[in-house]
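# Geometric and topological summary
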Amino acid sequence: MALTACSAPATHDAAPAPSAAAALSGGAAPATAAASDTSPSALTVVSVLGDSHSGWPGSWFRGSVANGAVPGVAPGVLASEPGRTSIELLAWVGQATARRGVVLVQAGTNDLLIRRATPPVAAQGVEALVTAVSAQHVRAILVSVPPSGTLGAATNQLNALLEDWSHGHQVPWLDVTRAVAQADGTWQLGLSDDGVHANAAGGERMASAARAQLPGLLGPG
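Attention here is on the structure that accompanies the text.

Conventions we followed
Residues numbered from 1 in each chain as written. Predicted model: local features only at pLDDT ≥ 70, side-chain atom pairs only at ≥ 80, totals over all residues. Heavy atoms only, no water. Phe/Tyr/Trp six-rings, centres within 6.5 Å; stacked < 30°, edge-to-face > 60°. Buried < 20%, exposed > 50% of the residue type's maximum accessible area, 1.4 Å probe, protein only. Core = buried A, V, L, I, M, F, W, Y, C linked by side-chain atoms within 4.5 Å. Helix = DSSP H or I, 4+ residues; strand = E, 2+ residues; numbered from the N terminus. Contact = heavy atoms within 4.5 Å. Axes fitted to C-alpha atoms, helices over the stretch in contact; angles between N-to-C directions. Parallel < 35°, antiparallel > 145°, perpendicular 65-115°, else oblique. Left-handed = near helix turned anticlockwise from the far one by under 90°. Nonpolar A, V, L, I, M, F, W, Y, C, P; charged D, E, K, R; others polar. Pairing = 2+ DSSP bridges. Polar contact = N/O pair within 3.5 Å; in protein donor to acceptor, adjacent residues only side chain to side chain. Salt bridge = Lys/Arg side-chain N within 4 Å of Asp/Glu carboxyl O. Right-handed = clockwise from strand over helix to strand, strands pointing away.

The description of an aromatic ring pair uses the distance of the two centres, along with the angle that the planes make with each other. Within the structure shown, the criterion is met by one aromatic pair. Ring centres of Trp 60 and Phe 61 lie 5.9 Å apart, and the angle between their planes is 85°; on these two criteria the pair is classed as edge-to-face. Residue classification places Trp 60 among the buried residues on the basis of a relative accessible area of 1%.

This next bit is on the nonpolar core. A general trend in soluble globular proteins is that nonpolar side chains are found buried together. Membership of the largest hydrophobic core comes to 29 residues, with the highest contact counts inside it found for Leu 49, Val 133, Leu 142 and Leu 162. Secondary structure elements with two or more residues in this core: strand E2 (73-80), helix H5 (93-96), strand E3 (102-106), helix H7 (119-135), strand E4 (139-143) and helix H8 (152-168). Counting residues per element, this core draws most heavily on H7, which supplies seven residues. Non-local contacts of Leu 49, meaning those with residues more than four positions away in its chain, are made with Ala 79, Leu 89, Trp 92, Val 93, Ala 96, Val 103, Leu 104, Val 105, Gln 106, Leu 129 and Val 133. Core analysis: the next-biggest nonpolar cluster, separate from the first, contains 25 residues, Val 46, Val 48, Trp 56 and Leu 78 among them.

Interhelical geometry of H7 versus H8 gives an angle of 40° and a closest axis separation of 9 Å. One finds that H7 runs oblique with respect to H8. In this structure, H7 meets H8 at a crossing whose hand is right-handed. In contact with Pro 119, Pro 120, Ala 122, Ala 123, Val 126, Glu 127, Val 130 and Thr 131 of H7, H8 contributes Ala 154, Gln 157, Leu 158, Leu 161, Leu 162 and Trp 165. The residue makeup of the contact of H7 with H8, split by class, is eleven nonpolar, two polar and one charged.

Glancing now at the pairing of E2. Each regular strand carries side chains that alternate between the two faces of the sheet. Within E2, eight of the eight residues are buried, leaving the element largely enclosed by the surrounding structure. Summarising the sheet, strand E1 (residues 44-50) and E2 pair through six bridges and their orientation is parallel. Each bridged residue has a counterpart across the sheet, and for Thr 44 the counterpart in E2 is Val 73.

Moving on: the side chain of His 197. Among the secondary structure elements, His 197 is positioned in the loop between strand E5 (173-174) and helix H9 (200-217). Looking at His 197, the relative accessible area reads 1%, which means it is buried. Among the polar contacts made by the side chain of His 197, one reaches the side chain of Ser 52 at a distance of 3.1 Å.

Considering all chains together, one arrives at four salt bridges under this definition. Where Arg 115 meets Asp 111, a salt bridge forms, and the shortest distance between an N and an O atom there is 2.9 Å. With a relative accessible area of 0%, Asp 111 lands in the buried category. Across the pair Glu 163 and Arg 178 runs a salt bridge, and its minimum N-O distance is 3.8 Å. Within this pair, whereas Glu 163 is found in helix H8, its partner Arg 178 is found in the loop between E5 and H9, the two being separated by 15 residues in sequence. What emerges from the salt-bridge pattern is a single network uniting Glu 163, Asp 175 and Arg 178.

Below, the discussion takes up the sheet that holds E5. Spatially, E2-E1-E3-E4-E5 is the arrangement adopted by the five strands of the open sheet, whose pairing is parallel. The sheet is open, and its two edges are formed by E2 and E5, each paired on a single side. Here E4 runs beside E5; their pairing, made up of two bridges, is parallel. Paired with Leu 142 across the strands is Trp 173, a residue of E5. With respect to the sheet, H7 is in contact with E1, E3 and E4, its orientation differing from that of E4 by roughly 160°.

Locating Thr 177 in the fold gives a position in the loop between E5 and H9. With residues near it in sequence (within four places) discarded, Thr 177 still touches Ser 144, Val 145, Pro 146, Pro 147 and Asn 159.

What follows concerns the pairing of E4. For E4, the tally of buried residues reaches four of five residues, placing the bulk of the element in the interior. In this sheet, E4 lies alongside E3 in parallel orientation, the contact comprising four bridges. Counted as the bridge partner of Val 103 is Ala 140 from E4. In the classification by handedness, the crossover that spans E4, the intervening H8 and the parallel E5 is right-handed.

In structure tokens, the structure reads:
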């Protein structure tokens with residue numbers, strides 16, 4: 001089976017270009033959030049830095065933070081760049097941290113698929129990305145990598161390495177994977193159409209996991 005990168009052309013892979021992402025959240029939150037944003041100073045701005053998993057229209061980020069479904073949160077920057085590896089995403093750290101607040105970091109799929117990196121090497125790249133966000137004096141939350149139809153075992157190993165690293169470095173860990181993965185690291189039946197990305201049903205399960213966990217992770221830290 002040919003490997004498919006976490007990038008276009010799949011329709012749900014489309015993510016805003018840097019200028020479009022800035023328009024989404026650079027000066028004002030989306031209308032759904034603005035309507036309930038009655039006390040801006042009390043809200044935590046939450047942005048995302050990642051590949052297409054966080055940016056497609058039915059993604060976990062859009063179904064949790066971007067649509068205003070997480071109490072106390074104002075949507076920030078959607079720095080979701082399809083097809084990018086963790087190393088390439090370093091170029092978007094400045095954009096993702098522009099509104100300060102908290103940045104959710106989700107990367108690693110393309111390290112495995114495109115770079116053919118081993119899980120330990122992929123983990124080092126993602127860890128460097130989190131470190132770069134923290135270096136901007138912005139709090140990072142590390143997000144788990146979704147399942148894979150072809151690299152389930154590697155995905156499991158990568159998530160285990162990242163979770164261990166997050167605990168050891170006091171970086172909050174957001175797990176959106178267990179809700180959609182089988183024990184072998186592949187997708188649960190009916191939750192992915194291409195073996196790489198969540199479909200609408202899978203995206204909603206991941207969004208539900210994010211909505212449940214984020215309020216606790218966004219406490220003082």
